[in-house]
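The residues making up each chain are set out below.
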Amino acid sequence: MAAQIEFSSAGPALVSSQGVSASPVGDVSASPAGSLSAEAVPFTPRGSSDADRQFSQCYAKLRGLRPHAVQLREELNLLFDKLLSENYNKTFNPSITIRPEDACTLLKLASSLVPFSQEHLVIKFCQLIHHLLNQLKVIMDELTLDVLMNYVTCALEKCSTWTHSDVLLALSTIVYGNGPQCLQHLSNLLCKDGVLLEYSSPSQPDLELQRVSLNCMANICLRIPGQPPLEDLYRAVCFRVFLKTLQSPKPVNAEELYYCMILQSALKGLQCCLSGGKWKFGGEELGSSLAVLKQMMFHGSPGVSVEWPPVLYPAPLPQYEGPSSPKQPETSKPPEIPKNVTGRSKPSSNKKRKSRGKGKKANTEEKKEDDEDVDGEEPAAILANGYEALKEQCAAETKNIPKPSAQSLYPSWKPTSSDSEFSDPEGGVQSKLRLYQGRVRQGALLCLLSVVKSVEKRTLYGYWSSFIPDSPIGGPPQLTLLTIILKDPSPKVRACALQVLSAMLDGSRQFLAVAEDITSSRPSFTSFSFALATAIRELHRALSLSLLAETSPQTLTQIIKCLAYLVSNAPYHRLKPGLLSPLWKQIRSYVRHRDVNVRVSVLTLYGALVTTQAPLSEVQLLLQQPEGSSSLGSLTLQDSSLSWRQRDVSSACHTPVKHNSQTRSPLSAHTPKEYDPAPPWLLQLCKSLVTQPRESQSDSEEAGNAVLEPSPVRLEALQVLSHLVRGYFSFCQSHLFEIGKVSARCLGETDPSIQLHGAKLLDELGTGIIQQYRAENNIPESQRVSLSQVVTFWSEVLSGPLNAALQNEQHPTLQTSACDTLSSILPQAFAQLPDKTQLMCITMLLGLTYSENYLVKTAAVRALGIYILFPCLREDVMFVADTANTILAALDDRSPNVRAKAAWSLGNLTDTLTVNMESVGVDFQEELSDMLLLKMLQAATRASADKDRVKSNAVRALGNLLHFLRQSQLTRSVFKQPLEDAVRALVKTVQSEAMMKVRWNACYALGNAFRNPALPLESASWSHDAFSALCNVVTSCKNFKVRIKSAAALSVPAQRSCYGDADRFIRVWRALAMALENSEDTNDFLEYRYSASLRHTLSQALLHLLSLSQAQDMSALATSLSGEAGSGIRAHLVKYLRAEEAETVGAEEERHGDSYTPQQRVKALQQAVIRLNGLETDVNKQTVVAFLEDLIKSCEEP
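Quantities reported herein were computed from a predicted structural model and do not represent experimental measurements.

Thresholds, definitions, all that
- Residues numbered from 1 in each chain as written.
- Predicted model: local features only at pLDDT ≥ 70, side-chain atom pairs only at ≥ 80, totals over all residues.
- Heavy atoms only, no water.
- Helix = DSSP H or I, 4+ residues; strand = E, 2+ residues; numbered from the N terminus.
- Buried < 20%, exposed > 50% of the residue type's maximum accessible area, 1.4 Å probe, protein only.
- Areas by Shrake-Rupley, 256 points an atom, 1.4 Å probe, with all protein chains shown as cover.
- Contact = heavy atoms within 4.5 Å.
- Salt bridge = Lys/Arg side-chain N within 4 Å of Asp/Glu carboxyl O.
- Phe/Tyr/Trp six-rings, centres within 6.5 Å; stacked < 30°, edge-to-face > 60°.
- Expected span 1.5 Å × (residues − 1).
- Axes fitted to C-alpha atoms, helices over the stretch in contact; angles between N-to-C directions.
- Parallel < 35°, antiparallel > 145°, perpendicular 65-115°, else oblique.
- Left-handed = near helix turned anticlockwise from the far one by under 90°.
- Nonpolar A, V, L, I, M, F, W, Y, C, P; charged D, E, K, R; others polar.
- pLDDT = per-residue confidence, 0-100.

Peer 1: Any chance you could explain the overall build of the protein here in plain terms?
Peer 2: Looking only at helices and strands, the protein has 57 helices and 4 strands in total. Scored against the burial criterion, the 1198 residues of the protein give a buried share of 55%. Of the roughly 52700 Å² that the protein leaves accessible, carbon and sulfur atoms contribute 52%.

Peer 1: Would you take a moment to explain the side chain of Ser-265 for this structure?
Peer 2: Structurally, Ser-265 can be placed in helix 11 (residues 256-274). By relative accessible area, which is 2% here, Ser-265 ends up buried. Not counting the four nearest positions on each side in its chain, Ser-265 is found in contact with Arg-211, Leu-214 and Asn-215.

Peer 1: Explain the environment of Met-878 to me, please; I cannot follow it from the model alone.
Peer 2: Note that Met-878 resides in helix 41 (residues 877-890). For Met-878, a relative accessible area of 58% translates into the label exposed. Each C-alpha atom of the pair Met-878 and Leu-928 lies 8.8 Å from the other, and the pair is 50 residues apart in sequence.

Peer 1: When you look at the pattern of salt bridges in this model, what are you seeing that I'm missing?
Peer 2: Opposite charge on two side chains lets them pair, provided their charged atoms get close. Under the criterion given, the structure shown has 28 salt bridges. Here Arg-441 makes a salt bridge to Asp-488, at a shortest N to O gap of 2.7 Å. A residue pair is termed long-range when its members are at least 10 positions apart, and Arg-441 in helix 18 (residues 425-454) and Asp-488 in the loop between helix 21 (481-487) and helix 22 (491-505) qualify at 47 residues. Across the pair, Asp-488 and Arg-441 agree in class, each one buried. For Arg-1130, the salt bridge identified is with Asp-1190, shortest N-O distance 2.5 Å. Residue Arg-1130 is found in helix 55 (residues 1123-1138), and its partner Asp-1190 is found in helix 57 (residues 1179-1196); the two are separated by 60 residues along the sequence. You can call Arg-1130 partly exposed: its relative accessible area is 29%.

Peer 1: Please explain the packing of aromatic side chains as it appears in this structure.
Peer 2: Aromatic ring pairs are defined here through the distance separating the ring centres and the angle between the ring planes. Within the structure shown, the criterion is met by 25 aromatic pairs. Pairing Phe-55 with Tyr-59 gives two aromatic rings, centres 6.4 Å apart and planes at 15 degrees, and the pair type is stacked. Highlighted residues: Phe-55 and Tyr-59, both in helix 1 (residues 50-63), separated by 4 residues, approximately one helical turn. Each member of the pair, Phe-55 as well as Tyr-59, is classed as buried.

Peer 1: What is the right way to read the side chain of Ser-944 from this model?
Peer 2: One can find Ser-944 in the loop between helix 44 (930-943) and helix 45 (948-964). In this structure, Ser-944 is in contact with Lys-951, Ala-954, Val-955, Leu-958, Ala-985 and Thr-989, ignoring residues within four places of it in sequence.

Peer 1: Teacher, can you tell me more about helix 47 (residues 973-991) here?
Peer 2: Given 3.6 residues per helical turn, the α-helix brings residues three or four places apart onto the same face. End to end, helix 47 covers 28 Å across 19 residues, agreeing with the expected 27 Å (1.5 Å per residue, within 8%). Every buried residue belonging to helix 47 is among Phe-975, Pro-978, Leu-979, Glu-980, Ala-982, Val-983, Ala-985, Leu-986, Val-987, Thr-989 and Val-990, and all of these are buried. Contacts made by the buried residues of helix 47 are with helix 44, helix 45, helix 46 (967-970), helix 48 (996-1010) and helix 49 (1021-1036).

Peer 1: Looking at this structure, how should I read unusual backbone geometry?
Peer 2: A negative phi holds for most residues other than glycine; trans holds for most peptide bonds. Each neighbour pair has its own omega, and for Ala-614 with Pro-615 the value is 0 degrees, a cis peptide bond. Looking at where Pro-615 falls in the secondary structure, it is placed in the loop between helix 27 (596-609) and helix 28 (617-624). Although it is not a glycine, Lys-137 sits at a positive phi angle of roughly 55 degrees. In this structure, Lys-137 sits in the loop between helix 4 (119-135) and helix 5 (142-158). A positive phi angle, close to 55 degrees, is found at Asn-778, a residue other than glycine. Here Asn-778 is to be found in the loop between helix 33 (752-773) and helix 34 (787-798). The class for Asn-778 is exposed, based on a relative accessible area of 64%.

Peer 1: Would you explain helix 6 (residues 164-174) in this entry?
Peer 2: The element helix 6 is extensively covered by neighbouring structure, given that 11 of its 11 residues are classed as buried. Those residues of helix 6 that sit buried are His-164, Ser-165, Asp-166, Val-167, Leu-168, Leu-169, Ala-170, Leu-171, Ser-172, Thr-173 and Ile-174. On its buried face, helix 6 sits against helix 4, helix 5, helix 7 (183-189), helix 8 (195-199) and helix 9 (207-221).

Peer 1: What should I look at first to understand the environment of Leu-961 in this one?
Peer 2: Tracing the chain through its elements places Leu-961 in helix 45. For Leu-961, a relative accessible area of 1% gives the class buried. Linking Leu-961 and Leu-909, residues 52 residues apart in sequence, is a C-alpha distance of 9.9 Å. Contacts of Leu-961, omitting those with residues within four sequence positions, involve Thr-910, Leu-913, Leu-933, Met-936 and Leu-937.

Peer 1: Please clarify how the packing of helix 53 (residues 1091-1108) against helix 56 (residues 1158-1173) should be interpreted in this entry.
Peer 2: Any two packed helices are characterised by how steeply their axes cross, that is the angle between the axes, and by the distance between the axes. At their nearest, the axes of helix 53 and helix 56 sit 9 Å apart, and the two run at 30 degrees to each other. The angle between helix 53 and helix 56 places the two elements in the roughly parallel class. In this structure, the crossing between helix 53 and helix 56 has a hand that is left-handed. Contacts from His-1096, Leu-1103, Leu-1106, Ser-1107 and Leu-1108 of helix 53 reach helix 56 at Arg-1161, Leu-1165, Ala-1168, Arg-1171 and Leu-1172. Classifying every residue of the contact of helix 53 with helix 56 by side-chain character gives 6 nonpolar, 2 polar and 2 charged.

Peer 1: Explanation requested: the confidence of the model for the protein in the structure shown.
Peer 2: A low pLDDT means the predicted coordinates there should not be read in detail. The predicted model of the protein averages 80 in pLDDT, with 79% of residues at 70 or higher. This model gives residues 317-424 a pLDDT under 50, and the stretch forms 171 contacts once residues within four places in sequence are excluded.

Peer 1: Help me out: how do you make sense of the environment of Gly-578 in this one?
Peer 2: Within the element layout of this structure, Gly-578 appears in the loop between helix 25 (553-569) and helix 26 (580-586). Using a relative accessible area of 24% as the deciding quantity, one classes Gly-578 as partly exposed. Along the primary structure Gly-578 and Glu-618 are separated by 40 residues, whereas in three dimensions their C-alpha atoms are 7.5 Å apart.

Okay, here's the thing in structure tokens:
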């Protein structure tokens, strides 16, 4: 019967993109298609199965029938029965070769023969539509879709109501994923008086019609990947129907089983409305949807009897559901208080209870899937014992758990042995009811998952308190996702709840960043930061308990993944220590779990632990602990059934292992030194998982055949190693060579993924060494990896399989990672490598810049941009020239990624030119080819018109080149036009609407160019435009960092003549003075933090101009310094001279190289006064001098 067919049975009957364009058809029965005549080519089956032959025979007989034949009714009835009796599912009968187009032709032919007056035939034909389209997975052409849609819509209008259930079943199959192609029919079906809206209404007395109508609407809203979505108008209509159905109370005369089926259909429809897009409904609809989904999450849950709010509102505080009448649902028995919660049971009884739990698990594994969904692997019974097994912290937290009541979920839902063995019909009904109720809860959680993915994170944060508890245990029990994770009897429902929680936690780092509970005393009021911190602690507590109790491998994997999301986003540096240590120890035994997915997820969690806010002091302590102290022994109840190794990692921790040539433990180093500290357990674990064979217990493998871990486990172990090296290099540096050997082994394997992760691990090792040698990190030399060790390490690496990876053209990603590895060599170590090794690295990188793969080319160009900064290479004119030519060629590449990295490398190369100009002197400038410099100048000018990520470094290179050019080069005619083009490119970039970083670099580049005394700033035609652009930016740019750089550039010229005539000089002065006056005018708080640094730079620039001023400037300066404007300038200059804003936030970050003390600044000002007094006598001069003397006097006052 149609009533027994679930929603999922409406299989894909999609429209083929190659279908014939259909025209509207009137009465299908009266207008058969011309291709369906008896003279058509007979259908010949291509297979020999019984189903093929049956279909062929029925097809041939159907073609021979005429609409007005005498025996038409009997013949059609017989043919439909034969077709319906066959199973066309290729899963059960792979030999079926019926073509989809043949099925479409048969259905079109049958639609022309079945009159609407024969309602029994209409029902069978509709059943046949569902049968063939669903089992054969037919993708219909547009003509077939139009013919069948016309037929079923006409049947809904002309046939009796008792047929509509089967007609709607056929309609739901036809429209499956074809909603956007049925718009001409949807206007009638979904209009105000449409049949779907009528039958799907909660007031519909026929529940079967309501259920099938909801299925139809859900299939209409279903979006197939690659196809356009349904129009928002129709989707909104369906959304309101689904939401109203879920909000409506259960009909009085409805059976609970059938009511669950209606809820499933409505939930599936709601999920189809939300999947694959952003939330397009209003805020009120969001609150209503979340409220009803939360109610459905607990549908059929024993002990839950609360009055659910109709709408959830965003609020930082939790919303508690108020208790309703104490009457329990008829379908559930009153909960019983387990004895083990009261604390009166003895340890021995706990052990016995554990053994019985394992026995039940063994029995349930033999049941069919439907039974497992309800009665299988229930954690609630194990949870009671788990409260005592979680050591002191968890045990202390659980002391305040209240005794179970009618409103709580603490009682176990798992039936006793007498209840689970149903021998009577009533017991079977109850089992099926629990199954269907579990499916409702699962559907609600899947729908909630779609809501979480479609709604913006920022909007969803306000509803967190409704799904995640933010108050510790001991208060009123909250019904949240954690309740389901801990208490729901279905492992599938628990897994869905974990998926929802993971989706909520994913990307929540910025939201959780405000959580804090470091203070020892609890505040008098619950602040938002403390509530968030409490929520994080509750998540840790509940997930740890669920981890302890869970026995389903699939759900266990979801728990560990959820913990990884939590660890990755929680701000542990703002929380009291102690959250990560129990988790670190608890998951250790799961590394030996027999399920591969569990092992992989455990490694993912360890990777999150060593990545989050690294280095964390708590994680550092865990890494320092010896192996034995980090084991909890029998921490998990299923520990005895988890072991898949004969070499027990945990048990090995309790007895010291003696290393010799014959014994090799998976947790021991290959060649440890006597004086080396013991490596962290996690490092040794990952190393053994990657390199050591395991003794398989699988029956399919030969006994004694040593095999490596599965590839996913090894890859995740390599990831953890990389994270460990990146975040906690000091713990890994003494085992540098061991980790290097692991990388070398991976590079020598044939699996490209393993090779890739091996190369990335080498890259992390090299980066860690470089970080140790950076001066700003202030790491003592005694605590670094010695330079000799670094040289030895890279000598071994570069003589190993890394060379083969660099030349592996079949795997460009591996080549890319190998290039990154070469770029992570410590410069000091590179200088001590043998010459042939250095030459090999350089030659390899130069060659890879001509690779056809843009990823390889990008990595090679980047590596050359790093090598050009090496002290041992930057003074080599030949290497500089080769690198420059390579970079210039890459700047013309069609890939924007290659061009962006080439511009970055060109910026680095020009940085070395300015460094060499100061360290080496004129000799280096003379050796470098003028034509090469000209090419670089022209290439950088062209690149400054590229995309922002290219332009940003192109203008940096222009500034360096303009600073580097000598007088002899600037006077050559060949440089005249490129020089002007370069400066105008910088001016254009400064005035453009590009990214602020680009404009910042352009201002810096102009200041860099002004440092070149050979540039004709006083006479060049472009000089006026350059100063005007900087003056405009310093007064009007919204970004204070750009203003700071423009002010710094205006203070660079060291001679008064560089500023031009008196008019240009005073325009620069007025611009700086106006910028200083308006230095606090901003609407952006993020910019305000740079206002002190801006005032500092502006004050420095103004004093610089005063120190360079001449007699012709005195009149304008005297006017500016007198009156109210002069008083404002004086106040800021006094603060600068006294260094009163030196410690302001942001002041040091953007300061323009001013390291003078207040005494030095005052002394420079005194020298300026002496110089000005030497000028010709003038009244205006005396005003300026008096202003400066007053400044000096103000600074000398205490």
